[in-house]
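Letter by letter, the chains look like this.
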Amino acid sequence: MSQFANYIDGQWVEGASVSRNVNPSNLDDVIGEFAQADADQTQRAISAARKAFAQWSLSTPQQRFDLLDQVGSTILARKAELGRLLAREEGKTLPEAIGEVGRAAQIFKFFAGETLRIGGEIVPSVRPGMTVEVTREPLGVIGLITPWNFPIAIPAWKIAPALAFGNTVVIKPADLVPASTYELVKIIAEAGAPAGVINLVMGRGSVVGEALVSSPDVDAVSFTGSVSTGRAIGAKCFASGKKFQLEMGGKNPMVVLDDADLAVAIEACINGAFYSTGQRCTASSRLIVTEGIYDRFIDGMKARMQALKVGDALADGTHIGPVVDDKQLQQDERYIAIAREEGGTVFGGERIERETRGYFLAPALITETTSGMRINREEVFGPVASVIKVKDYDAALAAANDTEFGLSAGICTTSLKYASHFRRHVQAGMVMVNTATAGVDYHVPFGGRKGSSYGPREQGSYAREFYTTVKTAYVSPGTV
Ligand code: NDP
């Protein structure tokens, strides 16, 4: 069986133990055995990153550009193969997985350019003859903790800006899906990253993640995952004076108004709610529909859902791959049962048998729900969407904002008046008009409000807010 080691200080090193990475479409297909680091090994990776920071923080923009550009080119050249690996370990369909790999490549290309665009400012002083200069400097050692649902894109959108701005990195991918991040780190190492600049420590969050968060040698932590883990990490980072950034859950609303183009609305909701098996923090999990279009919308959704093919992520024609693992499948089923007990009517949502042993679940649409029900308040993270029927636009906007989360929100309407009002008044970091709440560009900020996010935005030029620190220098007129 293939063995995959941790990468520390420029060396591939065995872990304290190993864990098996299994294909959720076919439990008999084992991708390999992946090293599990312990706290000591994690500390060695952090020390290597600390040592490498001294040189890397002084590297030229050209050196960093060349590294990131090369990484982007290699990922693009290997897109099909890496997409296959990603689909095999995470369970999103092959086209979705190849798309995610392509996005990772574009992110590296974008941040290659950012190395040249960092700049600074000369500001006139309020004092005679004085000059004020505002510049950005790297933070130091960055600990990255990533979830299982985007095994290459999320590591890419954290590693690329960290390295672009002169930081060094220790990354801990989700234990469920280490293979894509392993390949990404190997590509970065082979592209010529000096020893210690990028370090990979695979293993459990409670061991490796904990060691990263509690080490005094880590200057900042960027995390994506669940709300409970994120908040616990945030509290520990605050207590030890680390900078931190948290991307957490969503309960994203998609509003469908009477004047919507029905076909556009159904496509946006099917995509947003069910593609990638609904395992996206930007998934449209609450469909808020006004009375006049409600019956036609529900009929149309059910017809489209019946035509969706659930199956092996690698098979031709699959629309929805498996749920990522048994624990997540049980969580999906538990929420479907809770919704039923609370008075919801469930369409779909049953387990499906396929030729291979896998975690297949039919997409579920839950009608007759209200905002107070748990299905509309808590993140499920599966192919499960609930529908809230409302009287008019004002009630729809109120329902959309009636949540602790605020990541992404959408509206389907042909009215500029409602689209404009919604864009301004919905409480979310990202707003979509006549398109799914999931699916974003790689060169603009990503992030949310309320319980969904904490700290500066990720991606695009806004990423520099987290990955750099600002220095203001005053130069007196007498300086020669
Ligand atoms: P977690 O938040 O538990 O995990 C996210 C990352 O944090 C993983 O790498 C995990 O490690 C790590 N981690 C876990 N515990 C700690 C800790 N104490 N200290 C430091 N790091 C830690 O999410 P899960 O993957 O377990 O998924 C659970 C739920 O989270 C899902 O059902 C879904 O609701 C939500 N989720 C949300 C995502 C989003 O993008 N908003 C993404 C993924 C999940 P490891 O798993 O390897 O042990």
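As the structure is a prediction and not an experimental result, all values here were calculated from the model.

## What to know about the domain arrangement of the protein chain
How large an interface is tends to be reported as the accessible area lost when its parts come together.
Okay, step 1: What the domain assignment lists for the protein chain is domain 1 (3-248 + 452-475) and domain 2 (252-433).
Okay, step 2: Relative to domain 2, the C-alpha centre of domain 1 lies at a distance of 31 Å.
Okay, step 3: If you look at the interface, domain 1 gives 24 residues, while domain 2 gives 28 residues.
Okay, step 4: In this assembly, domain 1 packs against domain 2 so that about 2,200 Å² is buried in total across both faces, 57% of it on carbon and sulfur atoms.
Okay, step 5: Joining domain 1 to domain 2, the criterion identifies one salt bridge.

## Some remarks on the site of the ligand
Okay, step 1: Close contacts around the ligand come from 26 residues, with Lys172, Asp175, Ser226, Met248 and Gln328 the closest.
Okay, step 2: Note that an oxygen atom of the ligand is positioned 2.8 Å from one of the backbone N or O atoms of glycine 205.
Okay, step 3: Its free accessible area being 860 Å², the ligand has 87% of it covered by the protein chains.
Okay, step 4: The biggest single contributor to the shell around the ligand is helix α7 (residues 205-214), with three residues.
Okay, step 5: Tallied by class, the residues present in the shell around the ligand amount to nine nonpolar, 12 polar and five charged.
Okay, step 6: A domain split of the shell around the ligand shows at least three residues from each of domain 1 (3-248 + 452-475) and domain 2 (252-433).

## Here we look at the UniProt feature "active site" (unreviewed entry) in the protein chain
Okay, step 1: Listed under "active site" (unreviewed entry) in the UniProt record, and renumbered for this structure, are Glu247.
Okay, step 2: Residue position: glutamate 247 is located in strand β12 (residues 243-247).
Okay, step 3: With relative accessibility at 3%, the residue glutamate 247 sits in the buried group.
Okay, step 4: Ignoring sequence-local partners within four residues, the contact set of glutamate 247 consists of Phe223, Thr224, Gly225, Leu407, Phe446, Gly447, Gly448, Ser452, Ser453 and Glu458.

## Overview of the sheet that holds strand β6 (residues 120-124)
Okay, step 1: The strand order across the open sheet built from three strands is β6-β7-β23, with neighbouring strands paired in antiparallel fashion. Unpaired on one side and paired on the other, β6 and β23 (468-475) mark the two borders of the sheet. The mean angle between the axes of side-by-side strands here comes to 25°, regardless of whether they run parallel or antiparallel.
Okay, step 2: With eight bridges connecting them, strand β7 (residues 131-138) and β23 associate as antiparallel partners.

## A look at the pairing of strand β20 (residues 430-433)
Okay, step 1: The two faces of β20 differ: Met430 and Met432 on one face are buried, but Val431 and Val433 on the other face are not.
Okay, step 2: When strand β19 (residues 408-412) meets β20, the two strands line up parallel, connected through four bridges. Its bridge partner being in β20, glycine 410 is matched across the sheet by methionine 432.
Okay, step 3: Read from β19 through helix α13 (residues 416-425) to β20, the crossover connection turns out right-handed.

Rules of the game
- Counting of residues starts from 1 at the beginning of each chain's written sequence and follows it residue by residue.
- Only residues with pLDDT of at least 70 are given local features in this predicted model, and only at 80 or more are side-chain atom pairs given and counted; all residues enter the totals for whole chains, interfaces and linings.
- Side-chain numbers come from the whole structure's heavy atoms, not from hydrogens or water.
- Note: domain ranges come from an automatic or database domain assignment.
- Residue contacts follow a heavy-atom distance rule, with two residues in contact if any of their heavy atoms lie within 4.5 Å.
- As used here, buried area is the combined drop in accessible area, with a 1.4 Å probe, of two parts when they are placed together.
- What makes a salt bridge here is a side-chain nitrogen of Lys or Arg within 4 Å of a carboxyl oxygen of Asp or Glu, nothing more.
- It suffices for a single heavy atom of a residue to lie within 4 Å of a molecule or strand for the residue to be listed as near it.
- Any N or O atom pair separated by 3.5 Å or less is treated as a polar contact, with the protein-specific requirement of one donor-capable and one acceptor-capable atom, and with residues adjacent in sequence counted only for side-chain atom pairs.
- Here the Shrake-Rupley method, with its probe set to 1.4 Å, supplies the accessible areas, and only the displayed protein chains count as covering residues.
- Only runs of H or I of at least four residues qualify as helices and only runs of E of at least two qualify as strands under DSSP, and these elements are numbered from the N terminus.
- Each residue gets one label: Ala, Val, Leu, Ile, Met, Phe, Trp, Tyr, Cys and Pro are nonpolar, Asp, Glu, Lys and Arg are charged, and the others, such as Gly, are polar.
- UniProt positions are given in the numbering used here, feature names are shortened, and annotations may be inferred rather than shown by experiment.
- Note on classification: 1.4 Å probe, protein chains only; a residue is buried when its accessible area is under 20% of the maximum for its type, exposed when over 50%, partly exposed between these limits.
- DSSP-based pairing: two strands are paired if at least 2 bridges between them are found.
- Each axis is a line fitted through C-alpha atoms, and for a helix only the stretch in contact is used; angles between axes span 0 to 180 degrees, taken between their N-to-C directions.
- With the strands aimed away from the viewer, a crossover counts as right-handed if its path from the first strand over the helix to the second runs clockwise.

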